[in-house]
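Listed here are the chains, written in short residue letters.
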Amino acid sequence: MAILEEPIKETLQLQNYINGDWVDSEGESKDVVNPTTQKVVARVPISTREDFDAAVEAAKEAFPDWRRTPPLARARCLFRLKTLLEENFEQLSRIQTMEHGKTIDESRGETRRGIENVEVATGIPSLMLGTSLEDIASGIDAYLIRQPLGVFGIIGPFNFPFMVPLWFVPYAIATGNCVVVKPSSEDPLSQIKIAELAEEAGIPPGVYSLVNGGRVVVSSMLQHPDIKGVCFVGSTPVGKDVVYKQCGETGKRVIAQCGAKNFAVVMPDADLPRTIASCMTSFFGNTGQRCLANANLVIVGEGLSDREYDAFYNKVVDMFVQAATNIRIGYGLDESIQMGPLRDGEKKKKVIRYIEKGIAEGAKLRLDGRNPKIIGNWPDTAFIGPTVFEDVTPDMVIAQDEIFGPVAAIIKARTLDQAIDMIHDNPFGNAASLFTNSGRWARKFQYEVECGSIGINVGIAAPMAFFPFSGMKDSFFGTLHGQGQEIVRFFTESKVVIQRWF
Ligand code: NAD
């Protein structure tokens, strides 16, 4: 067991980054605990309304000049930020493992995906182009221009602490807006590092600010008259009932990307070794704490006799359980580890309650992760192993709720239509995967399934930075999505100019 060097050696006292300065908050502080070692790595301020208001004030002042800065010059700041992020790639990744618990491989993937958004946003002179048409009537021309709106608020979740704010921040800045970011207070360290690099990249004071904290900062953001719009990523109850609702009441633009319960559907003609390998990262990667994680595995017997279906079903379940049993659990800074702990002990307790619920509901527990074998001498506070239920029916709580842990529910379906009905009966619509060799089944699946992202022989259907990060039903509230062209539209107002000259 070789543990990579930890980039954080002593407890850090975090600050807010407002108007180009690092400042203390008047609020209390809270511990940020490494979920593997249980050591306190930082103290994060739980900021006040006054802290947030100061950041908005600075952003509002910075906006007129930043808006007038040519898009190419704004893009150059992002080029510098991209270079700095690359130079700090490994450190940023290790910080994520320390603050969140994910494996170093997962952290490196997250860093890469985050940087890709900075790269795409550097294309802003092209992305922000308007359109025009001559002679809309005799001697009259019309053109559309896109203008920034002012100050936006960004609220991040704990599960992708580095990447998620980058679905929005680079585009907000590139389009000429100013932003105030509120990271998750559970793991804010990689965002602090981004703020340091943004400062080094020469992003002017006030254009980018970071205010740590929790509900008070969120409610200040939702009520502040100078916040033009809010990008939220987190759970459905907060996204729908707090953020989306209040933005509607106060007339702010809003993107609320929320919770999920994703299905993987395995057809009889699927390439099983590849399917199972893909399912392992999808169900258990990031310890199940992914909005694109699959959580329900539906094994379909379309075209098979009852006997053939039994044999196929048992084969898939056995392969799935065997592969899950082999997952190596421990500290993510050991490169041989495949699964880290949950973010904290409270989350573990919640997952255990769901496992108990599954047992009480009559599902068969094929693999019990409640006492996992941990590689290394780490406290078991937040560790939980892969857990697999079979004989699950789609109406069971463990098949309906977002558990957000490494718990798989295996469900039977005789036909693909039945499997699609199950997906549609679930309240969420973030993503779904189909494993098959049939183009006909694949097309039917992508055509009919009401989910924002579809994977065909892909377990984690994660849209890259130039595609929107979509979602349907209880997984998304809003109209335009994060990333790519859609977020450029979100951060700009379309204005149409019609002119004639005498
Ligand atoms: P969360 O809703 O608990 O917190 C999200 C953010 O809201 C945090 O910054 C938090 O400080 C703040 N917050 C929490 N409770 C609040 C309240 N009552 N009032 C105001 N603000 C509040 O979510 P989380 O646990 O940090 O993240 C996990 C959730 O995020 C999961 O449901 C997951 O599916 C979802 N998620 C969705 C996507 C997506 O793109 N759809 C991506 C990542 C995560």
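All residue numbers refer to position in the chain's written sequence, counted from 1. Side-chain atom pairs in this predicted model are given and counted only at pLDDT of 80 or more, local residue features only at pLDDT of at least 70, and totals for whole chains, interfaces and linings cover all residues. The basis for the side-chain values is all heavy atoms of the structure; hydrogens and waters are excluded.

The next subject is the pairing of strand 11 (residues 227-233). Each residue is assigned to one of three classes by its accessible area relative to the maximum for its type, calculated with a 1.4 Å probe on protein chains only: buried under 20%, partly exposed between the two thresholds, exposed over 50%. A helix here means a DSSP run of H or I that spans at least four residues, while a strand means a run of E at least two residues long, and both kinds are numbered starting from the N terminus. Most of strand 11 sits inside the fold, with 6 of its 7 residues counted as buried. Pairs of strands are assigned from DSSP output, requiring at least two bridges between the strands. Where strand 8 (residues 151-155) and strand 11 come together, 5 bridges link them in parallel fashion. Across the sheet, the residue bridging to Phe152 is Gly229, located in strand 11. A right-handed crossover is one whose linking path, passing over the helix from the first strand to the second, runs clockwise when the strands point away from the viewer. Chirality of the crossover, the property in question, places the unit of strand 11, helix 10 (residues 236-250) and strand 12 (residues 253-257) among those that are right-handed.

The next subject is the domain arrangement of the protein chain. Accessible area lost upon the coming together of the parts serves often as the stated size of an interface. An automatic or database domain assignment is the source of the domain bounds shown. Domain assignment breaks the protein chain into domain 1 (11-258 + 475-500) and domain 2 (262-456). Of the residues lining the interface, 25 residues belong to domain 1; the matching set on domain 2 comes to 27 residues. Joining two parts hides part of their accessible area as seen by a 1.4 Å probe, and the buried area is that hidden amount summed over both. Between domain 1 and domain 2, a total of about 2100 Å² is buried, with carbon and sulfur atoms accounting for 56% of that surface. When a carboxyl oxygen of Asp or Glu is within 4 Å of a side-chain nitrogen of Lys or Arg, the pair counts as a salt bridge. Among the salt bridges present, the one from Lys347 reaches Glu186, with a minimum N-O distance of 2.8 Å. Polar contacts, as used here, are pairs of N or O atoms within 3.5 Å; protein pairs need one atom able to donate a hydrogen and one able to accept it. Residues neighboring in sequence count only if both atoms are side-chain atoms. Summed over the shared surface of domain 1 and domain 2, the result is 13 residue pairs in polar contact (both at pLDDT 80 or more). Mapped onto the side of domain 1 that touches domain 2, the elements with two or more residues apiece are strand 4 (29-33), helix 3 (89-100) and helix 4 (104-121). Working rule for contacts: check all heavy atoms of both residues, and any pair within 4.5 Å makes them a contact.

The subject of this paragraph is the sheet that holds strand 1 (residues 12-13). Whether parallel or antiparallel, the strands of a sheet pair through hydrogen bonds between backbone atoms. If you walk across this open sheet you meet the 3 strands as 1-5-4, and the pairing is mixed. In this open sheet, the two strands that pair with only one neighbour each are strand 1 and strand 4. Taken together, the 5 bridges between strand 4 and strand 5 (residues 40-45) define a ladder with antiparallel strand orientation. Counted as the bridge partner of Val32 is Ala42 from strand 5.

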